[in-house]
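# Structure assessment
Listed below are the residues making up each chain.
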Amino acid sequence: MEEAVTAGQLRERGNALFQAGDHAAALAAYTQALSLCDAEPERAVLHRNRAACYLKLEDYAKAEADASKAIEADGRDMKALFRRSQALQKLGRLDQAVSDLQRCVSLEPKNKAFQEALHALGSSMHEKMKTMSCTDSKVEQMFQILLDPEEKDADKKQKAAQNLIVLAREEAGAEKVFQSDGVRLLTQLLDTAKADLMLAALRTLVGLCSGHRSRTMAILAELGAPRLSAVLGVEHEQVSLAACNLLHVMFDSLKEGLQKEFRGKEDAVVLDSSKDLKLLIKHLLELLALEGASAHGRDNALNLLIKVVPRKSPKETNNSMSLWVIDQGLKKILEVGSTVCGTPGSLPVTENSRMSASVLLSKLYDDLKCDAERENFHHLCEDYVRSWFEGHELAGKLRAIQTVSCLLQGPSDAGNRVLELEGIMDSVLSLCASVCEAHQLVAVEALIHAADKAKRASFITANGVSLLKEIYKHSERDSIRIRALVGLCKLGSAGGTDFSMKQFAEGSTMKLAKQCRKWLCNETIDAGTRRWAVEGLAYLTFDADVKEEFVEDKAAMQAMFHLAKSEDRSVLYAVASTLVNCTNSYDHEEPDPQMLELAKYAKQHIPEQHPKDKPDFVKRRVRKLLTAGVVSALACMVKSENPALTNSCRELISRVFLALVEEAEDRGGVVAQGGGKALIPLSLEGTEVGQTKAAQALAKITITSNPEMAFPGERIYEVVRPLVSLLHLQRTGLENFEGLMALTNLAGISERLRQKILKEKAVPMIEGYMFEEHELIRLAATECMCNMAMSKEVQELFLAEGSDRLKLMVLYSGEEDEKLRRAASGTLAMLTALHPPICKRIPQVTVHWLEILQALLLSPSVELQHRGAVVVMNMMAAEREVAEQLIASEMLEILSVLAKDKDKPRVAQAAKESLAQAVAYGLIKPNPGQE
């Protein structure tokens, strides 16, 4: 239980924490002290100290506010004035920063730090003024070149456009373009309808809007949401994509305003951006159902809605934007999902449009928080399906069935509900026998999507299998046969990996798989149809015999990888599912033997593993996939910005990568083909399971490869956060261990990497694992701390008041486990060499310190002897009093013996230096026989 503390004690604690580099904890101590302190001078000091903490934590607005409070109490407080000048400089208010520094110089004219800071700031302001005055004329000149209809020099125009884009990326340049009537001029560029000028305008506007809410709102007011929506819907693909990027940046800037506190000049002029957000979303929803909009423009609008409407995390409580979109635009989204290509009046769509609509519907449904909200979603979907199904004859029935397919691929609960509406299933079954290919395609696809939904599977098995078999055997169109085959594949794989649960006769599954592979390799069939062959394999590869045949068919594997890299991104999930099955990277727990016996006794069904799913078979399959080029296909899949790369799909890819790096000898090849680069985004975005699997794969690579070669350049710093995530308590022991091992490797490379690990708050977790019962985890944590101890901040932690860190290291140096002793004594050797004050503290942490050091020097292990000798040498050099304690013990005799040991030169050298130091202190007399 904590004793009551005074404001003075809290301030001292804060000072110690600040010195140790724990700025967040120091801030908390000063804040607590403020709550207990009434005296104005004391409060001023605490505000000044908090300002220092905020500067270190890079919260410059709060640093300025606290420094100002200290200055209000004492206008001559130079520390507070200097800290406020630093904060103002970071906030871009250079004139105010100069004023504070001038005050500091007038109070203490001889202070060189103040003089140098003022000189540097003066130079910075001069450069800025010079740049701005030069920029004014440049902006005007660039717009003149771009808007001059007489200007025929294409290179000159291109250069002007590029300069404008580059200028807008810097805050000062963006503000100058904005103040120079830039928005009106950029609008003129957009209205030229020339692709190159439109691209220049859109990319410049991205710079103006990035991270600046008030400017974004002004630009939106000037351009208008209808114009932006129209540009998004143009036929030119690059222009549409640039407009999509601009709108995404605008959304981010507007949403940031809703989430952060209102403070500072920039926020003072902005009242509310929620109306602008809704206005933009309203026009995006209208674009979805607009016949004149291009197909890729429609896709871009769907992608934007997926990114900006649903909540990023369940921790966010406000889902009002999703509710508003469902009420205002659900039917417009379903218009895209229900489009039947080739029918009169159908919307222009790409092969990805319906999948994007399904993903958006799924995300909106998942964002709902209660039954009433979900019920409203169901009613809107049912009303839409009925509106087409009733009274529109055949064309309406096709739209209704296509809507069912879209919902089954997205929010399947809603899909199941509409599937149960009267007449829908009967129409699906009857249209499967249609003579019209387009009608048959719609019906067969709906049947396939319904086949793996639990509510309908048994009904379809009873009613649809014979129909699908009939279509498969007798249809003359490959496009229909391949879809019928996928339906059969789904129904045939209902037993999953359970070897004892077979839906079809022996050999039927193999025949289906063979036909799937045949169609997959047939390049005369279009890619959209061949995709269905992969869908079939995604189900059939639950069977180990199918897996074995598939990995033996190199042509089929490469055909699948080629499809994964194609424009049609709707194949991603099927490819990832097939690979998860082939690598057995799904979750499978070993059943409890007692539960197995009980199940046998109760005559319950017991799942059986296929003999070809044993580890040796899996290992061989992984090798064959690697040889066929699976890594480059996965890397290409991860690069996709398409909504088809859902979080579930990311998780499947992460699982496959983890299986691919299971064997140490395969990891180099995975990295060489781009696997290391692909794993970083997978470890930072997606489901928690997916992120963890990707992080574990990164750890395995980092443990056995040279991290600087596996993750060149800046990429190595991106690996730190995923590795630190493996240290969280909810992770498994193996994940903790591999995370620690990988961080140990990184911490040994450079100070910048150690700083990154510190910034990710990994040190407290590493310390926690040093107390772990599992010896390997405890050892890995100690080795990691050994490398982290090269950082000054970590060295200071070992001297913090009330800390047992140093005591633990000393005690571990005396443990029986030799590897643990080696790691702990190595840490002590490092600490005592780099931070001499630690040498003085060692005798204070435990009464056993001397016997532990002696035991190290007497160890049969030369490594332990050397580490012990280095610790003693450093302690002897640190302080005479410590040296006296060492020499007064049996240490003198041990050192004298070791100094003569010619077989251990490093140990002997350290012992000699310790004895020489004792002679220098006058603690012992020099030996006449030695130098």
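If you're wondering where the values come from, they're calculated on a predicted model, not measured in any experiment.

## Observations regarding the overall build of the chain
Across its full length, the chain holds 55 helices and 0 strands. Residues counted as buried form 52% of the 931 residues belonging to the chain. The contacts in the chain between residues at least 6 apart in sequence include a share of 68% that link residues at least 24 apart. Total accessible area computed for the chain in this model is approximately 43900 Å², and 51% of it derives from carbon and sulfur atoms.

## Details of the nonpolar core
Ranked by size, the top nonpolar core spans 267 residues in total, and within it Ile653, Phe657, Leu660 and Leu886 carry the most contacts. Core analysis: the second largest hydrophobic core is formed by 15 residues, Ala33, Cys53, Tyr60 and Ala63 among them.

## What about the confidence of the model for the chain?
Of all residues in the chain, 90% attain a pLDDT of 70 or more, and the chain-wide mean is 83. Note that pLDDT drops below 50 for residues 258-271; the model gives that stretch 22 contacts with residues more than four away or on any other chain.

## So, unusual backbone geometry
Positive phi values are uncommon outside glycine, yet Asn584 reaches one of about 50°. Of note, Asn584 is situated in the loop between helix H32 (572-583) and helix H33 (593-601). With a relative accessible area of 11%, Asn584 lands in the buried category. Even without glycine at this site, Lys761 takes up a positive phi of about 60°. Tracing the backbone shows Lys761 in the loop between helix H44 (751-759) and helix H45 (763-769).

## Describing the packing of aromatic side chains
Applying the stated criterion to the full structure yields 2 aromatic pairs. When the centroid spacing of 5.4 Å and the interplanar angle of 45° are considered together, the rings of Phe82 and Phe114 count as tilted. You can see Phe82 sitting in helix H5 (residues 78-90) and its partner Phe114 sitting in helix H7 (residues 112-147), a full 32 residues away along the chain. Phe82 gets classed as partly exposed once you look at its relative accessible area, which sits at 22%. Pairing Tyr365 with Phe377 gives two aromatic rings, centres 5.1 Å apart and planes at 65°, and the pair type is edge-to-face.

## Things to note about the packing of helix H49 (residues 818-834) against helix H50 (residues 837-845)
Describing two packed helices takes the angle between their axes plus the distance from one axis to the other. Orientation of H49 relative to H50, taken along the N-to-C sense of each, is 130°, at an axis distance of 6 Å. By the angle between their axes, H49 is oblique relative to H50. Of H50, the residues touching H49 (which contributes Leu828, Leu831 and Thr832) are Ile838, Cys839 and Ile842. Its residues assigned to classes, the contact of H49 with H50 comprises 5 nonpolar, 1 polar and no charged.

## Thoughts on helix H43 (residues 733-747)
Under the 1.5 Å per step criterion, the end-to-end length of H43 is 21 Å for 15 residues, consistent within 8% with the ideal 21 Å. Every buried residue belonging to H43 is among Glu735, Asn736, Glu738, Gly739, Leu740, Ala742, Leu743, Thr744, Leu746 and Ala747, and all of these are buried.

## A word on the environment of Gln755
Following the sequence through the fold, Gln755 ends up in helix H44. Spatially, the C-alpha atom of Gln755 lies 9.1 Å from that of Met788, the residues being 33 residues apart in sequence. Not counting residues up to four positions away in its chain, the partners in contact with Gln755 are Ser791 and Glu793.

## Focus: H50
Taken together, the buried positions of H50 are Ile838, Cys839, Ile842, Pro843 and Val845. On an axial view of H50, the arc spanned by its buried residues comes to 165°, and they lie on one face. Against helix H47 (792-797), helix H48 (805-812), H49, helix H51 (849-857), helix H52 (862-878) and helix H53 (880-887) lie the buried residues of H50.

## Digging into the pattern of salt bridges
Close approach of charged atoms allows side chains of opposite charge to pair. Per the stated rule, a full pass over the model turns up 41 salt bridges. We note a salt bridge from Glu663 to Lys619, for which the minimum N-O separation is 3.9 Å. With Glu663 in the loop between helix H36 (647-660) and helix H37 (664-672) and Lys619 in helix H34 (residues 615-628), the pair connects residues that are 44 residues apart, well separated along the chain. In this structure Lys619 comes out as partly exposed when scored by relative accessible area, which is 38%. One network of salt bridges, in which partners are shared, links Glu818, Arg822, Glu863 and Arg867.

## Observations concerning the environment of Gly528
On the secondary structure map, Gly528 appears in helix H29 (residues 527-540). Between the C-alpha atoms of Gly528 and Glu351, which are 177 residues apart in sequence, the distance is 7.5 Å.

## So, the packing of H49 against H52
Here H49 crosses H52 at 25°, and the two axes come no closer than 9 Å. The angle between H49 and H52 falls in the class roughly parallel. Of the two elements, H49 crosses H52, and the hand of that crossing is left-handed. Of the residues in H52, those touching H49 at Glu818, Arg821, Arg822, Ala823, Ser825, Gly826, Leu828, Ala829, Thr832 and Ala833 are Glu863, Leu864, Arg867, Val870, Val871 and Asn874. Per-class residue counts for the contact of H49 with H52 are 7 nonpolar, 4 polar and 5 charged.

## Digging into the side chain of His212
When you line up the elements, His212 lands in the loop between helix H11 (195-209) and helix H12 (213-223). Judged by its relative accessible area of 14%, His212 is buried. At 3.2 Å, the side chain of His212 forms a polar contact with the backbone nitrogen of Arg215.

## With respect to the environment of Arg841
Mapped onto the fold, Arg841 is located in helix H50. Counting along the chain gives 35 residues from Arg841 to Leu806, while the straight-line C-alpha distance between them is 8.3 Å. For Arg841, the contacting residues outside a window of four places in its chain are Phe798, Leu799, Ala800, Glu801 and Leu806.

Scoring rules and cut-offs
- Residues numbered from 1 in each chain as written.
- Predicted model: local features only at pLDDT ≥ 70, side-chain atom pairs only at ≥ 80, totals over all residues.
- Heavy atoms only, no water.
- Helix = DSSP H or I, 4+ residues; strand = E, 2+ residues; numbered from the N terminus.
- Buried < 20%, exposed > 50% of the residue type's maximum accessible area, 1.4 Å probe, protein only.
- Contact = heavy atoms within 4.5 Å.
- Areas by Shrake-Rupley, 256 points an atom, 1.4 Å probe, with all protein chains shown as cover.
- Core = buried A, V, L, I, M, F, W, Y, C linked by side-chain atoms within 4.5 Å.
- pLDDT = per-residue confidence, 0-100.
- Phe/Tyr/Trp six-rings, centres within 6.5 Å; stacked < 30°, edge-to-face > 60°.
- Axes fitted to C-alpha atoms, helices over the stretch in contact; angles between N-to-C directions.
- Parallel < 35°, antiparallel > 145°, perpendicular 65-115°, else oblique.
- Nonpolar A, V, L, I, M, F, W, Y, C, P; charged D, E, K, R; others polar.
- Expected span 1.5 Å × (residues − 1).
- Arc of directions from axis to C-beta.
- Salt bridge = Lys/Arg side-chain N within 4 Å of Asp/Glu carboxyl O.
- Left-handed = near helix turned anticlockwise from the far one by under 90°.
- Polar contact = N/O pair within 3.5 Å; in protein donor to acceptor, adjacent residues only side chain to side chain.

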